[in-house]
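These are the residues of each chain, in order.
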There are 2 protein chains.
Amino acid sequence: MKKMSDAMSLLINLNLAAIKINKKLDRSLGLHGISFSEYMALHFLYSESTQVMSRIALAECLGMTASGVTRLLNPMEKIHLVEKQKNPRDARVSLVKLTLTGATLYEDASTSFRHISDSTVSDVRQYQMESILEVLKKL
Amino acid sequence: MKKMSDAMSLLINLNLAAIKINKKLDRSLGLHGISFSEYMALHFLYSESTQVMSRIALAECLGMTASGVTRLLNPMEKIHLVEKQKNPRDARVSLVKLTLTGATLYEDASTSFRHISDSTVSDVRQYQMESILEVLKKL
DNA sequence: GATTTATACTTGATTGGTCAATTATTGTTG
DNA sequence: CAACAATAATTGACCAATCAAGTATAAATC
């Protein structure tokens, strides 16, 4: 059988790395009461100037389905990290708004996230980092 | 709030990339009747010179728990991609052996995997590939 | 050599997501 | 403007993996 190409190795190792990182971050963010997925949701909302997004848009950002987003946000609404808003122009959409509580939690959690990130990639050179980032973004 | 560091961006984008790649590979490998996880299991078994591994060792390779491996392998045993073997030296362990069917399927699936891999990373330079690979492996 | 401790699994209950179907609304077109 | 197609979101049924607990065996200690 042919040997694995670098491209094949890359996808396999990317996947394995993601699994490990996910677990590490889930453990760490768990101290703030959220999962990594929830952190990601907060992240994209926080990055939006209005801190409001449609569920579909959020799903797109997170790489998950609309139904996945519904299920992800339900518990977050219950603890008031986000809240629903109507879109006056289109009654189909249910906007997600980051609450003040949510924004604060995001900022707190971000310091943990920063620690984990920095220590995880501590021995990656700056130029490598930029190169990898560039590649990952266009995958 | 402080801006995200490159390290933070890297982890987020790594995660997003992994999600997309997983979906793409699940779709493609689905044509061979297996998921990406199952492909990975076959991969590590195939790479082993004896094509035999303990479940614990496989779990370690796959970055999942022992119970995850049990549940992953069950259906694979049913369709005879792998089979159980006893370890004469230690009655606790239940060895997983790649069958001929399993090896053949792995080889077939690998051509699909190769296509996807190559096209996915087609515009990544060789030197970048090696650099990224190096980083991912020590993560 | 008996007892404790550690290891290799397996299983029940739970979680986090998918998909397919459904509902409500909006946009399009004859 | 009536009918039909497309979009946003939710729900039920399912799937893949986790965790915690349980079982069986092996290793270490007294």
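- The name given to chain A in an unreviewed UniProt entry is MarR family transcriptional regulator, and the organism recorded there is Aliiglaciecola lipolytica E3.

## Section: the layout of surface pockets
To locate leftover empty space, one rolls a probe as large as a water molecule over the atoms.
Here's step 1: Looking at the largest pocket, its volume works out to about 290 Å³.
Here's step 2: Only α1 (6-30) and α2 (36-47) of chain A together with α1 (6-30) of chain B provide two or more residues apiece to the lining of the largest pocket.
Here's step 3: Per-element accounting of the lining of the largest pocket gives the leading share, five residues, to α1 of chain B.
Here's step 4: Tallied by class, the residues present in the lining of the largest pocket amount to nine nonpolar, five polar and one charged.

## Describing the sheet that holds strand β1 (residues 52-54) of chain A
Paired through their backbone hydrogen bonds, the strands of a sheet run either parallel or antiparallel.
Residue and element names in this part refer to chain A.
Here's step 1: Taken in spatial order, the three strands make up an open sheet running β1-β3-β2, and their pairing is antiparallel. Single-partner strands in this sheet number two, and they are β1 and β2 (82-86). With strand direction ignored, the average angle separating the axes of adjacent strands in the sheet is 35°.
Here's step 2: Both β1 and strand β3 (residues 94-98) contribute to a ladder of three bridges, which runs antiparallel. Bridge pairing in β3 links V52 to K97.
Here's step 3: Here α2 sits on the sheet and contacts β1, β2 and β3; the angle it forms with β3, its principal contact strand, is near 90°.

## Some remarks on the UniProt feature "domain: HTH marR-type" (unreviewed entry) in chain A
Here's step 1: Mapped onto the present numbering, the UniProt feature "domain: HTH marR-type" (unreviewed entry) falls on residues 7-139 of chain A.
Here's step 2: Taken as a whole, residues 7-139 of chain A contains 68% helix and 10% strand, while its terminal C-alpha atoms sit 12 Å from one another.

## Some points on the packing of α1 of chain A against helix α2 (residues 36-47) of chain B
Here's step 1: Put simply, α1 of chain A and α2 of chain B touch, their axes get as near as 12 Å, and they point 110° apart. For the element pair α1 of chain A / α2 of chain B, the angle class is roughly perpendicular. The handedness of the crossing between α1 of chain A and α2 of chain B comes out as left-handed. When α1 of chain A is examined against α2 of chain B, the residues M8, I12, N15 and L16 of chain A are found in contact with a partner set consisting of F36, Y39, M40, H43 and F44 of chain B.
Here's step 2: Here the residues of the contact of α1 of chain A with α2 of chain B sort into seven nonpolar, two polar and no charged.

Reading the values: the criteria
Residues numbered from 1 in each chain as written. Chains lettered and ligands numbered in written order. Predicted model: local features only at pLDDT ≥ 70, side-chain atom pairs only at ≥ 80, totals over all residues. Heavy atoms only, no water. 1 Å grid on protein atoms, 1.4 Å probe; cavity = no way out; pocket = protein on both sides within 12 Å on 5 of 7 lines; lining within 4 Å. Points joined across faces, edges and corners; volume = space filled by probe spheres on them. Helix = DSSP H or I, 4+ residues; strand = E, 2+ residues; numbered from the N terminus. Nonpolar A, V, L, I, M, F, W, Y, C, P; charged D, E, K, R; others polar. Pairing = 2+ DSSP bridges. Axes fitted to C-alpha atoms, helices over the stretch in contact; angles between N-to-C directions. Contact = heavy atoms within 4.5 Å. UniProt positions renumbered as here; feature names shortened; annotations may be inferred. Parallel < 35°, antiparallel > 145°, perpendicular 65-115°, else oblique. Left-handed = near helix turned anticlockwise from the far one by under 90°.

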